[in-house]
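One letter stands for each residue in the lines below.
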Amino acid sequence: MASPSHPSNILQSDISSHFEKAASTYEHTSAFMKEIAGQLLNLSPTLAPDSVVLDNAAGPGIVTGEILRLPQFKEGNYPTIHATDNSAAMIRALEARAVHESWPKDLVKTHVMDSMDLSTFPDNMFTHIYMAAAIFIIPEPLKAIAEIKRTLKPDGVALVTSFEKQGFIEIFQHVQQAIRPDSPIWKGPMPEEWLKEEKLRAVMEGGGFEGDKVKIQSLGTWMKGEDWSTPGLMLWREPFTKLITNGWSEEETARFEEKLKEDLASETVKSKSYEMKVFVAVATK
Ligand SMILES: C[S@@+](CC[C@H](N)C(=O)[O-])C[C@H]1O[C@@H](n2cnc3c(N)ncnc32)[C@H](O)[C@@H]1O
């Protein structure tokens, strides 16, 4: 048996290449992210035709898609919406989605742009900025928050999310324990500090928001076990396996992969739902 074994968190280089690969399938496997996006819209000040919105690190426009479905925009007269992501593949996926879903032409203005440098946008531009499920993978999160603060209008509101719990990791932990019961239990792909409310608050304040203008709220939803059989989530198997089997022998890694495949295809996993808990910072400039 190879040793030692150190399950680790996701690496920045892995995550960038992952999102490039995952772009075309992300939207179809992120039902729970769409639900979270809907909840974010309920938490934020009401959007109106004169709102100017940034869907920051938008992926294929998960928040944007939910904005366009809001009842107040049923007759058209949408707000101004910009969507940014540093993955060109994600922005292409968003643009393809706009065509598929017949979003009004040129309504959503897309930009391949790093959240740490929004210099194309002037100060005080946006009334609403949403950054869902991205701050914890940005190399310098304080820069991203400072850019959010700079580009928000006075009294504008930013909603930034992190996770509190990613229930699906128990699937991977179970397989890990079956193959290497001696290895320290894998705590998931995110650095543990990010699972704490204090970290999100510290980043919001470190990026320039005043403490009494940042409220942290909790949201929750469920991810279906059967979603792990969809092409999009299947793409996560490889990077997670790499993290968990760090330091293992080839033979152990092969057994892990085999058991993971079996478990993900099993009725036990497919019929279960896994809790996903989210922290949201609602910050006013
Ligand atoms: C988990 S996805 C979240 C997508 C979407 N906001 C949602 O709610 O599902 C994270 C996104 O952040 C993007 N991303 C990662 N680092 C970034 C950066 N430095 N600047 C801009 N986007 C980034 C990725 O390409 C990916 O689309």
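Report on the accompanying structure. Residue numbers run consecutively from 1 along every chain, following the written order of its sequence. For a predicted model such as this one, the threshold for reporting local features is a pLDDT of at least 70, and the threshold for listing and counting side-chain atom pairs is 80 or more; totals across whole chains, interfaces and linings nevertheless cover every residue. Derived side-chain values reflect all non-hydrogen atoms in the structure, with water molecules and hydrogen atoms excluded from consideration.

Throughout, the term near means that a residue has one or more heavy atoms lying within 4 Å of the molecule or strand in question. Around the ligand sit 19 residues in total, of which Y26, A57, D85, S115 and A132 are the nearest. Any pair of N or O atoms that falls within 3.5 Å is considered a polar contact. Within protein, one atom must be able to donate a hydrogen and the other to accept it, and sequence-neighbouring residues count only if both atoms are side-chain atoms. At a separation of 2.6 Å, an oxygen atom of the ligand approaches a polar side-chain atom of D85. In this structure, a nitrogen atom belonging to the ligand sits 3.2 Å away from a main-chain N or O atom of N86. For the area figures, the Shrake-Rupley method with a 1.4 Å probe applies, and any residue is considered shielded solely by the protein chains shown. Isolated, the ligand exposes 590 Å² of accessible area, and the fraction of that covered by the protein chains is 95%. Here the residues of the shell around the ligand are counted per class, giving 13 nonpolar, four polar and two charged. In this count, Pro and Cys sit with the nonpolar residues alongside Ala, Val, Leu, Ile, Met, Phe, Trp and Tyr, while Asp, Glu, Lys and Arg are called charged and the others, Gly among them, polar.

This brings us to the pattern of salt bridges. Any Lys or Arg side-chain nitrogen found within 4 Å of a carboxyl oxygen on Asp or Glu counts as a salt bridge. Per the counting criterion, the structure on display carries 14 salt bridges. For D123, the salt bridge goes to R150, with nearest N and O atoms at 2.8 Å. Here the residue D123 occupies a position in the loop between β3 (108-112) and β4 (126-131), and R150 occupies one in helix α5 (residues 141-151), the gap between them amounting to 27 residues. With a 1.4 Å probe rolled over the protein chains alone, any residue whose accessible area is under 20% of its type maximum counts as buried; one over 50% counts as exposed, and the rest are partly exposed. Residue R150 is classed as partly exposed on the basis of its relative accessible area, which comes to 23%. We note a salt bridge from K199 to E193, for which the minimum N-O separation is 3.4 Å. Several salt bridges share partner residues, and in doing so they unite D123, E147 and R150 into one network. By definition, any uninterrupted DSSP run of H or I lasting at least four residues is a helix, any uninterrupted run of E lasting at least two residues is a strand, and each is numbered from the N terminus.

As a further point, take a negative patch on the surface. Like-charged residues within 9 Å of one another, or nonpolar side chains (Val, Leu, Ile, Met, Phe, Trp, Tyr) within 5 Å, are grouped into patches, provided each residue has over 30% relative accessible area and no salt bridge. Neither His nor the chain ends contribute to the count of charged residues, in which Lys and Arg are positive and Asp and Glu negative. Throughout, a charge is located at the NZ atom of Lys, the CZ atom of Arg, the CG atom of Asp or the CD atom of Glu. Taken together, the side chains of E238, E257, E258 and E262 define an acidic patch exposed on the protein surface. Of the residues forming the negative patch, the biggest block, three residues, is contributed by helix α9 (residues 250-265). Here E238 is to be found in helix α8 (residues 231-244).

Turning our attention to the environment of T151. Within the secondary structure layout, T151 lies in helix α5. For T151, a relative accessible area of 0% gives the class buried. As a C-alpha pair, T151 and P189 span 38 residues in sequence and 30 Å in three-dimensional space. Should any heavy atoms of two residues lie within 4.5 Å, those residues are counted as being in contact. Those residues within four positions of T151 in sequence are excluded, and the remaining contacts are L118, F121, P122, D123, N124, M125, F126 and I129. In terms of polar contacts, T151 uses its side chain to reach the backbone carbonyl oxygen of E147, at 2.8 Å.

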